[in-house]
Structures are given as C-alpha cells and as structure tokens.
Amino acid sequence: MRSDCGAIILRGLCLWMAVGIAAIFPGLGRAADESPSPEVAVRFFETSVRPILVEHCQKCHGAAKQWAGLRLDSREAILQGGESGPAAVVGQPQESRLILAIQHDPNASPMPPDAKLSDREIAVLTQWVEQGLAFPASAAVNDARKRDPNHWSFQPIVDPPVPPVQNADAAQSPLDRFILSKLEASHLQPTAPTDKRTLIRRVTFDLTGLPPTREAVTTFLADDHPDAYARLVEELLSSPAYGERWGRHWLDVARYADSNGLDENVAHGNAWRYRDYVISALNADEPFDQFLTEQLAGDLLPAEDDAQRQRQLIATGFLAIGPKVLAEVDAAKMQMDIVDEQLETVGRAFMGMTFGCCRCHDHKFDPISTANYYGLAGIFKSTRAMEHYKKVARWQELPLPSPETRAMLEAHAAQIAEKQLAIESLIASARETALKAKMDGAQATDIPESELPAAVQTQLAALRKDVAQLEKSPPEIPTAMAVQEDVVADVAIHIRGNPLKLGDVVPRHVPEVLSTGAQVQFDGTSSGRLKLAEWMTSPQHPLTARVLVNRVWRWHFGRGIVASTDNFGLLGDAPTHPELLDWLACRLLDSGWSIKSLHRLIVLSGTYQQSSQPTPELLSADPENHFWGRFPVRRLEAEAIRDALLTVSGQLDDSFGGSLLKVKNRAYFFDHTSKDLTDYNLPRRSVYLPIVRNNLYDVFQLLDYPDAAIPTGDRTTTTIAPQALMLLNSEFVTQISQALATRLLAEESDDRGRLQSLIEQVYAREPTEAELSQLLSFLQELQHELSQSSETTMAEGQQQAWACVAQVLLASNEFVYIQ
C-alpha cells in the first residue's frame, strides 16, 4: 500500500487546496504558460541565476574570454549565441544548448567540462529559461562613482534623530517611526498587527528555529497582560535553542564545514568545537566586539583559566576552517591562497567588503588598492594556520590546555625520558665494564658503541625502538583547528597575484578609505591580528556595526535594509532606509554590542508584529515591500523545516553539541567504494549534522543550503519540483508521518480530536469546521480503501491512513512558510 501513498497524498493535497490552503510550494501549481511578474523574475535572476553564471560560466564565456565565440553575460549575447548557434530558446529549455550542456546531454558538449552542476543549479537555470530568460542589465557603476571614497558606507556612522510621523498611534517604537515616515511620504500606511497565533509561530521559529508547542500557544493566547509578548520574547531568547538557530546563521557567514572539500575532501574532525563555540557565545549574548576579536585573535588574548584559554583558541577556528587545495605542489602559492581565502572571508563577514580581486589588481569599483590588499595580507601571512605545506599539506591543530591534557603530555614525556635514561645508563655501564677489561688508561667515552657486547647492542636497539614508537604515538589529547603567531613579516606585492613575480614590500596597514582616525600602527612583535580586531570594533569604524545590524535585519525579515548583505561596496545595493540602518547601529553600540538587545528592538517593534496580508494600496504601490509596510512571507530554511518535522512528530533530540562524524580526523570521506558513510538519519537538530563539502546532505541541497566554501549572509530561496517531491516521497518525511500518526493515535481517543490536535501541532492554529469536515471525509475514505486489502490489518490500516493525512498537512505550504 505504501507504493500508492504518494498518489493518495496528492489527492489529499487537492482536497486541502479546495478548502483554501495553498499546497506545497508556491508557484508549482502555476499554469505552464503563465510567466512570473517582472519583479519576481528579476529577483529570481539576481538571487538564484546570476550567482551560478558568475561562479561557473562567465570566467570562460564573459567579457574577458569567449570560448567558442559564446558570451553568457547578457540576454542579448545568450540569444545570439556562439559558433554553435543561440545558447537558449526562450521558454524551451530542452531546445536550449545551454541547458543540454549543463545536463551533460550526449548530444551537447558538457559544461562545465570538469564537474557537472548540482541538480538544484540545473533546475534553477532550466526554470530561468522556461520562464523567459530574464536578465537585467548589470548594475553598472557610473565612471564618476567608481572607487568613490565618499560612498555612503565609508562615511562615519551618525546617530540620526527619530523622524516625526503623522500617525503616531501606528508607531509602537522609535524603529517604527523610521518605517512609517517613508510610508507616509508615499501616502501609505502599514498593515494592521497580526493575530497572536501567527505572531507566536513567527517569533518562535525566528528566534529558535522550532515551532511553538501547543502548550506555549495556549499559554500565550490566555495571557492578556500588556507585556505578554515581551515575556515570550525573553523566554525564547533564553532558550538554548536560540543559540542553535542564530549560531546556524553565523555559520553560514563563517563558511563552516566538517570537511575540507576541493581536491582532498578529508574530515575536519575537530571543526565541531568551533560550531559549538559559536552556539554557546550567542546563547551567552557575548558582545559582538568580543566575539569578533576572539575569532581573529583569541590566541593573543589573556585568559583567566584553562576553560577561557580553550574557548579563545577554538574561536580562531574561524580562520582555519576554510577550504584548501591540500595537494597544491607550489607551497608559496598555497600559502598565499590560504591568506587570500582568510582575507576575503574576514572582509565579507565583518565589513561587507570584497578584497579578493585586489590580489591581482586594484579593485575595479571600490577604493581598495593592491597595496591595501597586501597591507592586510601581511597580517595573515604572519599567522600560522598550517602544520606544513608538503603534499598532502596538513592544517594545524593546537592542543587544548587543561590539567588532564598536561598530565597526559607529562606522562608521555616521562615515558620517553625514562627510556632515554635507560639507554644512557646501559651505555655507561657497558663502557665501564669494557674499560676495566682493557686496563690501558683509556677513557670510557673512547669506547664506541660498535665495540660493546652484542647483547648490549641488542638491548639498546630494543630501547631505541621503544623510544621511536613512543615518539610516533603521542597521547590522543583534545585539539582544535586554530591559528597562532608565525614569523612576523610584511609582504611584497605579487604582480598579477604571482608569488614568483614580486614588487615592492608593503608595510602592514588597513585601507585608508575605512580609517576615520589615525592609521593603525603595526610593529614587528606580532602579526597584528589583535590590532586589526580592535580597529574593526572601534565605534568609529564605518562598516562593522552597520554590516551586523543589516545581517540581523535580513535574518528576521528575509531581506536586509541593504539587500546585498555581503557587499557594502559600490556594486552593492543602497540602503532602503539609511537613517534606520545607522540608528540601529548606534543602538547596538550603546548596548555594548549586544545582539539580544538588537533582537528586542526588532521583534518588539510594530513593524515586526504587523500582518503579512497587504492592503490593495500597498500591493499596488510597493509590490516588492521595499517600504516594509507588511511582514514578508518567508519559507523556512532547510534546517528549520527538518527540525520542525522532527518536533511535531515528537522525535527531536535536543542534546547539545559534539561530533556526529563517522570518520576520523583528517580521514577521507570516500573510500574505494565512493560511498559517504555519514549518517543523517539522526533526530538531532540540523545544526549538528555534518556538512560535507562537495557531498552535501540531499535534503539540505534541495532546500537551498548555501555553498559552504564561501561566506553567505543571504541564502537564496528557489521553488523547484524536487522540493515538493521530497515532502511527498522521501523516506525521512514518510517516517516522520508515521511517527506523528502513532503519537496522535496514542494521545487522542476519537478522530475529530485527533484532527484538532494534528492541525494545532502542525500549524499552531485551530482548524475550521470546513477543514475538519473535509479531512474526516478523506480519512474515512482512506480507511475504507485500506480495509479492502487482505495484507493490511485494521490497526495497520488505521495507522497508514493517519500517516497519509499527517503527510498531507506536512507537505502543505502553510507548514513550511512563516507568515
């Protein structure tokens, strides 16, 4: 019967839509000839298509190179095509050479030639061609503005006055006034506040990544006190689940992974310590300036005890967990590749700046020179991240100090010393014996070991073998991927990035355009990482606080005040509300860099609590919601969907931390069978599942998990058929549905009560009478069909019917979206 369940669930989804609930993912039910709106098409291109073209296509088919006469950097060029003809046929992906090429169709030249795109990337490009090949002109920067030092993000942060508004009753907080003033300037008003059920589901998912429990919903609905919502927010912020949710956001930016990826996909067996550090730091509301400093220079900070020293060493894993070409034969190139990756990550993560292109030339758009790049590069080249660069290179891991670690190391050293002493004593004794036999006035040290008796030499060989074995087998002590100081040196400019062609040596320094005060002075005693961190967390720094508050806003609302969350340079987007951005940055600084205080400002605002249902006026005047006149409907991320499924079925294991890897540290994920033995069928929270570069968990890959090799502060959200098929057919969702059915049958005594409980658990709301009626009818129909099977008992049929009903609700749009 299970083989027919997919069809049964589809019937249920059709029924569910008939009573007003949109099923699965929006857009999948669109008529084939219906195109998305221009605004939706452009956003889909910018968030989903352009990154694929830039990463995989335009290096060979762009402005610099045109292999086979083909360019893929404009709509006109794609339609014109190259030597083989047009690259795409609008609306007909299977007639398009581009799509056939990326599918590695036997009738087309496979592209990219070295590695096929992922299924998700192929689906995105196919959908793009099918829906009209939208390709807006590149965001060209006016020549007069290129490398402009007066760009808005390079200016000091100024605390703006809170603007006056006409409808003061619509503003619950100063934050709301910034939003309302823009709306009023366009003769618009925000939507009304949302209902309490929607609000508790929204804020609970937002702050913890989990759905609210039925008990929490009941308690919140019954609490009529004015501060009921504020107390709910405090409860959520104090939950351990908060750090797991918001730690996952930061891990996107930190390009966290449990494997190296690239050419040698070996296990980062101790990367989990950095992940757990991030979660713990956020739960403790560690000030962000301290959080940043520990990740850049934790090894250089004073520590009161071993626990603090451990935590600070682990934090520097931020600089160590990036992907590396471990089989690179050119050691100098590999070292600079690692420095480049660290520098680009630090720039994007903390400052929203792209420094990487300056390795070869001055930045084409931002006022960052090649000299600026190598001024920063000297800081990271003076930092040791690798044990050695010999093929296959090894990243560095540092022992974590503790009394137990010291005892183990001391005991091991004592064993070696004892053997060495035994060797010395045996040699001395044998020489004294030999000397007495000679009686010629020679000294004991004059007798070579080779003249000692054979029995003594056999003993010495055995003892030396023991020493060698001990030296090769140190005790397994806790270690962490971490960095430390190396030889301090400034770096010469590498002409066009070539380590063999060196120009002038550049003293370590920070870019002048970002320095509002005196230039930071670096000396020869340290790498300068601590001074770099102090400069970045100075209240005078124009970027760090702005970038952080914008990231937090984006993670709450789905889009940043600056939409290009990882790029605040001239190619980035301008802020929709620049005064609000600076006001939030100032409040962050006033709070001592407290991220939880920033959450309170945002989620307690009327802007956050408003309905997601737009008025006709808002929809007409601001279809893309740039004015924030309504709360944006958002799909949950891959981890939140998986964790929600485990939660509603009663299976979630909320244990904290640790490693779930099945391979040893530095071991390869793939053996001769090419099988990854990583087990993802565990009920732990998704943040703890291994992230294997080049072989991502399929559920994550389907649901838009970002590339773990680069910092990502703005995950894309695609809508493709395999996502819906996963909810309909995957073993994971089937097992979840079965568990939920078992739970319902055990908790409730009648079908109506079970349906009431099911909808409350899955949607955090009560069902309507129409929904109950339709679902009861569907349930009875299923039970009747199943009772006709001679292979199914009555109890099994009841279980199967309830599992199908549960899966209908879990596969619906309402479950996977926040309203």
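That block above? That's the structure.
Residues numbered from 1 in each chain as written. Predicted model: local features only at pLDDT ≥ 70, side-chain atom pairs only at ≥ 80, totals over all residues. Heavy atoms only, no water.

### Considering the side chain of Arg-634
Spelled out, the test is: Think of it this way: any DSSP run of H or I at least four residues long counts as a helix, any run of E at least two long counts as a strand, and we number them from the N terminus. Buried means the residue's accessible area, taken with a 1.4 Å probe over protein chains only, is under 20% of the maximum for its type, while exposed means over 50%, and partly exposed covers the values in between. Definition of a polar contact: a pair of N or O atoms within 3.5 Å, with one able to donate and the other able to accept a hydrogen when the atoms are protein atoms, and with sequence-neighbouring residues admitted only if both atoms are side-chain atoms. A contact between two residues is defined here by any heavy atoms of the two lying within 4.5 Å.
Here Arg-634 is to be found in strand E9 (residues 634-635). For Arg-634, a relative accessible area of 9% gives the class buried. Side chain to side chain, Arg-634 and Asp-206 meet in a polar contact 3.4 Å long. Looking at Arg-634, its side chain comes within polar contact range of the main-chain oxygen of His-556, at 2.8 Å. Ignoring sequence-local partners within four residues, the contact set of Arg-634 consists of Asp-206, Trp-555, His-556, Phe-557, Gly-558, Val-816, Tyr-817 and Ile-818.

### As for the environment of Gly-269
Relative to the helices and strands, Gly-269 is located in the loop between helix H10 (240-253) and helix H11 (271-283). Separated by 396 residues in the primary sequence, Gly-269 and Asn-665 have C-alpha atoms spaced 3.9 Å apart. Those residues in contact with Gly-269 that lie beyond four places of it in its chain are Leu-661 and Asn-665.

### Observations concerning the nonpolar core
Nonpolar side chains tend toward joint burial in soluble globular proteins. We apply this condition: Nonpolar cores are built from buried Ala, Val, Leu, Ile, Met, Phe, Trp, Tyr and Cys residues. Side-chain atoms within 4.5 Å join them into one set.
Counting residues in each nonpolar core, the largest one holds 178 residues, and the members touching the most others are Trp-250, Tyr-274, Leu-296, Phe-318, Phe-350 and Trp-553. If we skip the residues at most four places from it in the chain, Trp-250 touches Tyr-274, Val-278, Phe-288, Phe-291, Gln-295, Phe-318, Ala-349, Phe-350 and Trp-555. The next biggest cluster of nonpolar side chains, apart from the first, holds 22 residues, and it includes Val-49, Leu-70, Ile-78 and Ile-99.

### A closer look at H10
Rule in force here: Take the residue count of a helix, subtract one, and multiply by 1.5 Å to get its expected span.
Under the 1.5 Å per step criterion, the end-to-end length of H10 is 21 Å for 14 residues, consistent within 8% with the ideal 20 Å. By the criterion of burial, H10 is predominantly enclosed, with 13 of the 14 residues buried. Capping the start of H10 is the job of one residue whose side-chain oxygen sits 3.0 Å from the backbone nitrogen of Ala-241: Ser-239. Among the residues trailing H10, Arg-255 stands out with phi positive, at a value near 45°.

### Focus: the packing of helix H28 (residues 751-763) against helix H29 (residues 769-787)
Stated formally: Helix axes are fitted to C-alpha atoms over the stretch in contact, other axes to C-alpha atoms as well, and angles between N-to-C directions run from 0 to 180 degrees. Each helix crossing is assigned a hand: it is left-handed if the near helix lies turned anticlockwise from the far helix by less than a right angle, otherwise right-handed if that turn is clockwise. Each residue gets one of three labels, nonpolar for Ala, Val, Leu, Ile, Met, Phe, Trp, Tyr, Cys and Pro, charged for Asp, Glu, Lys and Arg, and polar for the others, Gly among them.
Close contact between H28 and H29 brings their axes to 10 Å; oriented N to C, the two are set at 120°. In this structure, H28 meets H29 at a crossing whose hand is right-handed. Contacts between H28 and H29 pair Asp-751, Arg-752, Leu-755, Gln-756 and Ile-759 from the former with Glu-769, Glu-771, Leu-772, Leu-775, Leu-776, Leu-779 and Gln-783 from the latter. In the contact of H28 with H29, the residues fall into 6 nonpolar, 2 polar and 4 charged.

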